[in-house]
Amino acid sequence: MMVYSLLKTARANGLNPQKYLEYLLEARPDKNMSDEELENMAP
């Protein structure tokens, strides 16, 4: 359900959901990232 919500938010913000998911999987956010870095990954 969480992934679905994330992809719907991406679409609502004019992003291609498939490309956004690819981006997230390539960037692989982790606990060592700053809040700013994580915020920049949000749709």
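All values derive from a computational prediction rather than experimental measurement. (Residues numbered from 1 in each chain as written. Predicted model: local features only at pLDDT ≥ 70, side-chain atom pairs only at ≥ 80, totals over all residues. Heavy atoms only, no water.)

### A few points about a negative patch on the surface
Link 1 in the chain: Among the surface-exposed residues, D30, D35, E36, E37 and E39 lie close enough to one another that they form a single negatively charged patch.
Link 2 in the chain: Positionally, E39 belongs in helix α3 (residues 35-41). (Patch = residues over 30% accessible without salt bridge, like charges linked within 9 Å, V, L, I, M, F, W, Y side chains within 5 Å. Areas by Shrake-Rupley, 256 points an atom, 1.4 Å probe, with all protein chains shown as cover. Salt bridge = Lys/Arg side-chain N within 4 Å of Asp/Glu carboxyl O. Lys, Arg positive; Asp, Glu negative; His and termini not counted. Charge placed at Lys NZ, Arg CZ, Asp CG, Glu CD. Helix = DSSP H or I, 4+ residues; strand = E, 2+ residues; numbered from the N terminus.)

### Regarding unusual backbone geometry
Link 1 in the chain: The phi angle at R28 is positive, at roughly 40 degrees, despite the residue not being glycine.
Link 2 in the chain: Within the secondary structure layout, R28 lies in the loop between α2 (17-27) and α3.

### Digging into the packing of aromatic side chains
Link 1 in the chain: Inspection of the entire model under this criterion finds one aromatic pair.
Link 2 in the chain: Where Y20 meets Y23, the ring centres are 6.3 Å apart and the plane angle is 35 degrees; that geometry is what we call tilted. Here the residue Y20 and the residue Y23 both occupy positions in helix α2, the gap between them amounting to three residues, near one helical turn.
Link 3 in the chain: We classify Y23 as partly exposed; its relative accessible area is 38%. (Phe/Tyr/Trp six-rings, centres within 6.5 Å; stacked < 30°, edge-to-face > 60°. Buried < 20%, exposed > 50% of the residue type's maximum accessible area, 1.4 Å probe, protein only.)

### Side note on the environment of E22
Link 1 in the chain: Its place among the elements puts E22 in helix α2.
Link 2 in the chain: For the pair E22 and E37, spaced 15 residues apart in sequence, the C-alpha separation works out to 17 Å.

### Notes on the packing of helix α1 (residues 2-12) against α2
Link 1 in the chain: For the pair α1 and α2, the least separation of the axes is 9 Å and the interaxial angle reads 120 degrees. Viewed along their axes, α1 and α2 adopt a mutual orientation that is oblique. Relative to α2, the crossing made by α1 is right-handed. Residues L6, L7, A10 and R11 of α1 form the contact with α2, whose own contacting residues are P17, Y20, L21 and L24.
Link 2 in the chain: Looking at the contact of α1 with α2, its residues break down into seven nonpolar, no polar and one charged. (Axes fitted to C-alpha atoms, helices over the stretch in contact; angles between N-to-C directions. Parallel < 35°, antiparallel > 145°, perpendicular 65-115°, else oblique. Left-handed = near helix turned anticlockwise from the far one by under 90°. Contact = heavy atoms within 4.5 Å. Nonpolar A, V, L, I, M, F, W, Y, C, P; charged D, E, K, R; others polar.)

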